[in-house]
Amino acid sequence: MLAELRGLNEECGVFGVFGHENASQITYYGLQSLQHRGQEGAGVVMSDGERLRGHKGEGLVTEIFNQDIVNGLTGSAAIGHVRYQTAGGGGYQNVQPLLFHFQTGSLALAHNGNLVNATSLKRELEAQGSIFQTTSDTEVLAHLIRRSSYGTMKDRLKTALSMVKGAYAFLVMTENEMHVALDPQGLRPLSIGKLGNAYVVASETCAFDIIGAEFLRDVEPGELITINDSGLHSEQFAAGVSDAMCTMEYVYFSRPDSDIHGINVHSARKRLGKQLAKEVEQAVLEADVVTGVPDSSISAAIGFAEATGIPYELGLIKNRYVGRTFIQPSQSLREQGVKMKLSPVRGVVEGKKVVMVDDSIVRGTTSRRIVTMLKEAGAKEVHVVISSPAIKHPCFYGIDTSEKGELIAAHHTNEELRELIGADSLTYLSVDGTIDAIQHRQGALGECGQCMACFTGEYPTEIFPDTQHPHDKEIMC
Ligand code: SF4
């Protein structure tokens, strides 16, 4: 759905390539394919084997880079990042990759996720003399690497990784190596591919398709991969790993053409829609048409339509060329933004009982606006079905799901919420139904293998008293 309008915002995306003469061009295209994961800033750092240089800025990839800039970034290795930033700001200095120059060499860092113990680590590091250039939790890792005096770069990285907790897919690049690390819960997707003799790494497999790379495998929870001139070397840096893949990656964030651990996102969403068809009440099954809120709910709507036999129709159209609405500060302007971004198709919904499939409700305002829009266009009834359970708890792992106070399902019963959004019925998918439909592999300990914390409140890692919710910070990722 329209993330920036309803308070459910994407996180970030990382991309890397090692050993290709067109590394900057490849990274540019890779970042473009990950643009849905963050539209507020992007950057690339290149290595030519002797030094690291980069370019970054605020805005979309196509706004930050042009052909001259891409051509000017020479080298055969690169890491890149697209970033989502909360409304509070953050600014240029927080755009990643972060680049550090030391007397002994340079280091570039790109991160997708959120460290839950960054505040206490930062306090500790500052007490020991560290001076932070950014307000990003990502910089903590660089200081931990720098502080550790033990062994090789890889050894120092392992020591640093043993100290950070939370969600992270890290790309760390030096002049002659690239390191790829995933947190012990595997909260964020991260995949490795091959392009000729070069290795590529990306938050989503859709980035491989656009550059013509072959998918090799997903990075495993707690895995550290080092890529250098002698090839790819893998090891587990953490004991007691256990899958807790973010369920919202399947439900909403990832592109439908991406695969996560062998599961195609579009297919998983269709199954969520089919499962919903088993869980709705009879009145919903008597509807005339099914429509999905574009873009992320269309797959689930198709699944729902297939399972119920109710025809799928394009009842809502996205106006693609309307400007981004994140710059509009007030709720009323944001709601106006919804009106501009979505249009009901009167000829489809007029006089009909409509099933409106959406992937989630955060603050409720956007859902209310869309239901109103459909009714104003003549829909006789609007039954809202949500292809995930109710979001009642904040995410501390890099998704801005709003603070608990803003999560409307945390403070209202289903019936109150139905009334608030003006729907004729409201159905959420059950927790068990969501797990069954996604079909993610089981965790090492036999658990479901997915993080369900924003629905259940059961967080797969420790949450500390000073853990910052991305909403509280100036910057996330
Ligand atoms: S809390 Fe929710 S949004 Fe955050 S990682 Fe877990 S499933 Fe994803």
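Before reading further, recall that the structure is shown in the block above.
Residues numbered from 1 in each chain as written. Predicted model: local features only at pLDDT ≥ 70, side-chain atom pairs only at ≥ 80, totals over all residues. Heavy atoms only, no water.

Colleague: Teacher, can you tell me more about the packing of helix H10 (residues 265-279) against helix H12 (residues 298-308) here?
Modeller: Put simply, H10 and H12 touch, their axes get as near as 6 Å, and they point 45° apart. Relative to H12, H10 is oriented oblique. Remark: the crossing between H10 and H12 carries right-handed chirality. The segment H10 lies against H12, with His-266, Arg-269, Lys-270, Gly-273, Lys-274, Leu-276 and Ala-277 engaging Ser-299, Ala-300, Ile-302, Gly-303, Phe-304, Glu-306, Ala-307 and Thr-308. Residues belonging to the contact of H10 with H12 are distributed by class as follows: 6 nonpolar, 5 polar and 4 charged. (Axes fitted to C-alpha atoms, helices over the stretch in contact; angles between N-to-C directions. Helix = DSSP H or I, 4+ residues; strand = E, 2+ residues; numbered from the N terminus. Parallel < 35°, antiparallel > 145°, perpendicular 65-115°, else oblique. Left-handed = near helix turned anticlockwise from the far one by under 90°. Contact = heavy atoms within 4.5 Å. Nonpolar A, V, L, I, M, F, W, Y, C, P; charged D, E, K, R; others polar.)

Colleague: Even after reading the chapter, I still don't get the sheet that holds strand E3 (residues 52-58), so can you show me in this structure?
Modeller: Note on sheets: strands pair through backbone hydrogen bonds, and any given pair is parallel or antiparallel. Here 7 strands make up an open sheet; going across it, the order is E3-E2-E4-E1-E10-E9-E11 and the pairing antiparallel. A strand with exactly one partner marks an edge of an open sheet, and here the two such strands are E3 and strand E11 (214-218). The sheet shows a mean angle of 15° between the axes of neighbouring strands, direction not considered. Relative to E11, strand E9 (residues 191-195) is paired through 4 bridges, and the arrangement is antiparallel. Counterpart to Lys-194 in the pairing with E11 is Glu-214. Relative to the sheet, helix H2 (residues 23-33) contacts strand E1 (12-18), strand E2 (41-47), strand E4 (77-83) and E9, its axis offset from that of E4 by approximately 20°. (Pairing = 2+ DSSP bridges.)

Colleague: Could you clarify how one ought to interpret the sheet that holds strand E22 (residues 425-428) in this entry?
Modeller: Spatially, the 4 strands line up as an open sheet ordered E17-E20-E21-E22, and their pairing is parallel. Only two strands of the sheet have a single partner each, and these edge strands are strand E17 (289-292) and E22. Neighbouring strand axes in the sheet, compared pairwise and without regard to direction, differ in orientation by 20° on average. Here strand E21 (residues 381-386) pairs with E22 via 4 bridges, running parallel. By the bridge assignment for E22, His-383 is matched with Ser-425. Lying on the sheet, H10 is in contact with E21 and E22; it crosses E22 at an angle near 125°. Relative to E22, helix H16 (residues 414-421) is tilted by about 125°, and along the sheet it contacts E21 and E22.

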